[in-house]
Amino acid sequence: MELCENFNIWKHCLCSNWCISEGLSIIPGPKYCMSLSQPAIYLVTPKISWTSKMCSLPDYQHRHQNGGAMGCAAVMIPGLLRGPVGAICTQAASLRSTRSAVRHLSLTSVMKSKRKTDHLERTANVVRREVVSAAKVCGAANESPSVKRLRLLVADKDFSFKAGQWVDFFIPGVSVVGGFSICSSPRLLEQERMIELAVKYTNHPPALWIHNQCTLDSEVAVRVGGEFFFDPQPADASRNLVLIAGGVGINPLLSILRHSADLLRERANKGSGYDTGTIKLFYSAKNTSELLFKKNILDLVNEFPEKIACSLHVTKQTTQISAALKPYITEGRIMEQEIRDHISKETLFYICGPPPMTDFFSKQLENSHVPKEHICFEKWW
């Protein structure tokens, strides 16, 4: 790893839960004790510049001594990233060793709707992978008037994810770490070493950078996290899926939908593999221009008409709906009865959208006696 010469660097041996220097402190994390022969951890000032060879990034959140939030970065050499890091919760090892089609969000699903501004704070107790990987922007397009889609090349072979997971998004020169769900299938990464994100325009610094400053060949870094995913194994029992999305909450559900389509193709080609059940997508947005990935969704519906179906909802449509979309569009919000009609003991429910929406549908499903382990949801702010 190379660091630019204008870095101000302090070297520390972390032998306790806290390390303080020059007004910076590290939030409590796992203990590291390093001898002089071991690789060191470096703290750097907020004015970070990277070279193209930098491949490891912040694993700790820093705060200024006066109490204000501060986005300094802890730059760690790759060797340390193979061990536990501060953001990984104590349940990580047991969760990584559990192989099943679905993980109930025992941590994420109890999050309250109170808004927090910092992604790392909101997800501090959520499992993350150890690997932090350099990535390069190799494609960008406007998915809607308010959402920009990015395609990132991630050459690191150790980088992988499960359909539905998100990434910590590290940007050179931006102290705030972003958090964005991956909307592509794991198969795209396996075949082309690429992932896709779709980011809504907001005043949050990472989103502003993506919309206003990001260009082709821009360099960032990513780390996978999240307990909201669908990762069936070939011998697992077949499950039906109901995917309920609101706005940009379509991102992780599109990843799950695309992964399911890949599994359907694999079984058709090989005659073996996971037996995918039926998939019904309910997706609501303000209007048809904000229904993201419409063409991708309808292409999958048409490719697998006996397996995949969708119901697209618009709540504030003011223009005429196109003839191609009209058969799939309902004006008005997603209704509880539509969801209840799909309840069965073989069905898993995945919900992603604004907190009030996820709270509402998860509660409705619980009231309808759907087992909690069959209700998985992710809240994005």
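Keep in mind it's a predicted model, so treat the numbers as computed, not measured. (Residues numbered from 1 in each chain as written. Predicted model: local features only at pLDDT ≥ 70, side-chain atom pairs only at ≥ 80, totals over all residues. Heavy atoms only, no water.)

Examining the overall build of the chain
The following threshold applies: A run of H or I in DSSP counts as a helix once it spans at least four residues, and a run of E counts as a strand once it spans at least two, with each numbered from the N terminus. Exposure classes here rest on a 1.4 Å probe applied to the protein chains alone. A residue is buried below 20% of its type maximum, exposed above 50%, and partly exposed in between. The contact rule is simple, with two residues in contact once any of their heavy atoms fall within 4.5 Å. Surface exposure here means Shrake-Rupley accessible area, sampled with a 1.4 Å probe, where a residue is shielded only by the protein chains that are shown.
Looking only at helices and strands, one finds eight helices and 19 strands in the chain. In the chain, buried positions account for 52% of the 381 residues. Taking all contacts inside the chain whose residues are at least 6 apart in sequence as the whole, residues at least 24 apart take part in 72%. Carbon and sulfur atoms make up 51% of the accessible area of the chain, which totals about 17,600 Å².

Section: the confidence of the model for the chain
It should be kept in mind that the predicted coordinates are not to be read in detail where pLDDT is low. So the rule is basically this: pLDDT measures the predictor's confidence residue by residue and takes values from 0 up to 100.
Counting all residues, the mean pLDDT for the chain is 77, and 69% of those residues have values of 70 or more. Contacts of residues 1-116 to residues separated by more than four positions or lying in other chains number 238 contacts, the stretch itself having pLDDT below 50.

A look at the packing of aromatic side chains
Where we set the bar: Only Phe, Tyr and Trp rings are paired, with Trp represented by its six-membered ring, and only when their centres lie within 6.5 Å; those with planes under 30 degrees apart are stacked, over 60 edge-to-face, the remainder tilted. In this analysis the charged atom, NZ for Lys or CZ for Arg, is taken to sit over a ring once it is within 6 Å of the ring centre and within 35 degrees of the ring normal.
Enumeration over the complete set of coordinates arrives at six aromatic pairs. When the ring of F169 is compared with that of W209, the centres are 6.3 Å apart and the planes differ by 55°; the resulting orientation is tilted. Remark: W209 occurs in helix α4 (residues 205-212) and F169 occurs in strand β10 (residues 166-170); sequence separation between them is 40 residues. Exposure class is identical for F169 and W209. Each is buried. Each ring, one from F230 and one from Y274, has its centre 6.1 Å from the other, and the planes form 75°; the classification is edge-to-face. Separated by 44 residues along the polypeptide, F230 in the loop between β13 (219-225) and β14 (240-246) and Y274 in the loop between α5 (250-270) and β15 (279-285) bring together distant segments of the chain. No difference in accessibility class separates F230 from Y274, as the two residues are buried. Linked through ring pairs, F228, F230, Y274 and Y350 together constitute an aromatic cluster. We note K162 situated over the ring of F229; from NZ or CZ to the ring centre the distance is 5.5 Å.

Let's talk about the pairing of β14
The two faces of the sheet receive side chains in turn, since in a regular strand these alternate between them. How we decide: A pair of strands is treated as paired once DSSP finds two or more bridges between them. Seen with its strands pointing away from the viewer, a crossover is right-handed when the path leading from the first strand over the helix to the second is clockwise.
Burial of β14 is extensive: six of the seven residues sit out of reach of the surface. Pairing between β14 and strand β18 (residues 347-353): six bridges, direction parallel. Opposite V242, over in β18, you have F349 as the bridge partner. The pairing of β14 with β15 spans six bridges and is parallel. Bridge pairing in β15 places L243 opposite L281. In this fold, β14 hands off to α5, which returns the chain to β15; that crossover is right-handed.

Focus: the sheet that holds strand β17 (residues 329-331)
What holds strands together in a sheet is hydrogen bonding between their backbones, with the strands either parallel or antiparallel. How we decide: Axes here mean lines fitted to C-alpha atoms, for a helix over just the part in contact, with angles spanning 0 to 180 degrees between N-to-C directions.
Here we have six strands laid out as an open sheet, ordered β17-β16-β15-β14-β18-β19, and parallel in their pairing. Two strands close off the open sheet at either side, each with one partner strand: β17 and β19 (375-379). In this sheet, adjacent strand axes meet at a mean angle of 15° when their direction is disregarded. The sheet contact formed by strand β16 (residues 308-314) and β17 spans three bridges and is parallel. If you follow V314 over to β17, its bridge partner there is E331. Packed on one face of the sheet, α5 meets β14, β15, β16 and β18 and runs near 150° to β14.

Topic: the sheet that holds strand β8 (residues 133-144)
Read from one edge of the open sheet, six strands run β11-β10-β13-β8-β9-β12, paired in antiparallel fashion. What marks the edges here is a single partner per strand, and that holds for β11 (178-181) and β12 (194-200). The mean inter-strand angle of the sheet, taken between neighbouring strand axes irrespective of direction, is 40°. Taken together, the five bridges between β10 and β13 define a ladder with antiparallel strand orientation. Bridged to F169 within β13 is V222.

Here we look at the environment of Y283
When you line up the elements, Y283 lands in strand β15. Here the alpha-carbon distance between Y283 and R333, two residues 50 residues apart in the chain, equals 9.2 Å. With sequence-adjacent residues up to four places away left out, Y283 is seen in contact with A245, G247, I250, E290, L291, L292, I297, S311, L312, H313 and I334.

Observations regarding the side chain of E143
Basically, it comes down to this: In protein, a polar contact means a hydrogen-donor-capable atom and an acceptor-capable atom, both N or O and within 3.5 Å, with residues adjacent in sequence counting only if both atoms are side-chain atoms; elsewhere, any N or O pair within 3.5 Å suffices.
Along the chain, E143 falls in strand β8. The buried category is assigned to E143, whose relative accessible area is 18%. At 2.7 Å, the side chain of E143 forms a polar contact with the side chain of R149. Side-chain polar atoms of E143 contact the backbone nitrogen of F293, separated by 3.0 Å. Among residues more than four places away in sequence, those in contact with E143 are K148, R149, L292 and F293.

Considerations on unusual backbone geometry
Even without being a glycine, F293 presents a positive backbone phi close to 60°. If you trace the backbone, F293 turns up in the loop between β15 and α6 (294-303). Residues other than glycine seldom take positive phi values, yet H369 does so here, at roughly 70°. Secondary-structure assignment places H369 in the loop between α8 (355-367) and β19. A residue is classified by how much of its surface remains accessible, and H369, at 71% relative accessible area, is exposed.

Some details on the packing of α5 against α6
Put simply, the rule is: The labels follow the angle: roughly parallel below 35 degrees, roughly antiparallel above 145, roughly perpendicular from 65 to 115, and oblique for the rest. Put simply, a crossing is left-handed when the front helix is turned counterclockwise from the back one by less than a right angle, and right-handed when it is turned clockwise.
Direction vectors running N to C along α5 and α6 enclose 30°, while the axes themselves pass 11 Å from each other. One way to sum up the angle between α5 and α6 is to call them roughly parallel. When the axes of α5 and α6 are compared, the crossing they make is left-handed. Where α5 abuts α6, its residues I250, L254, L257, R258, A261 and R265 lie against N296, I297, L300 and E303.

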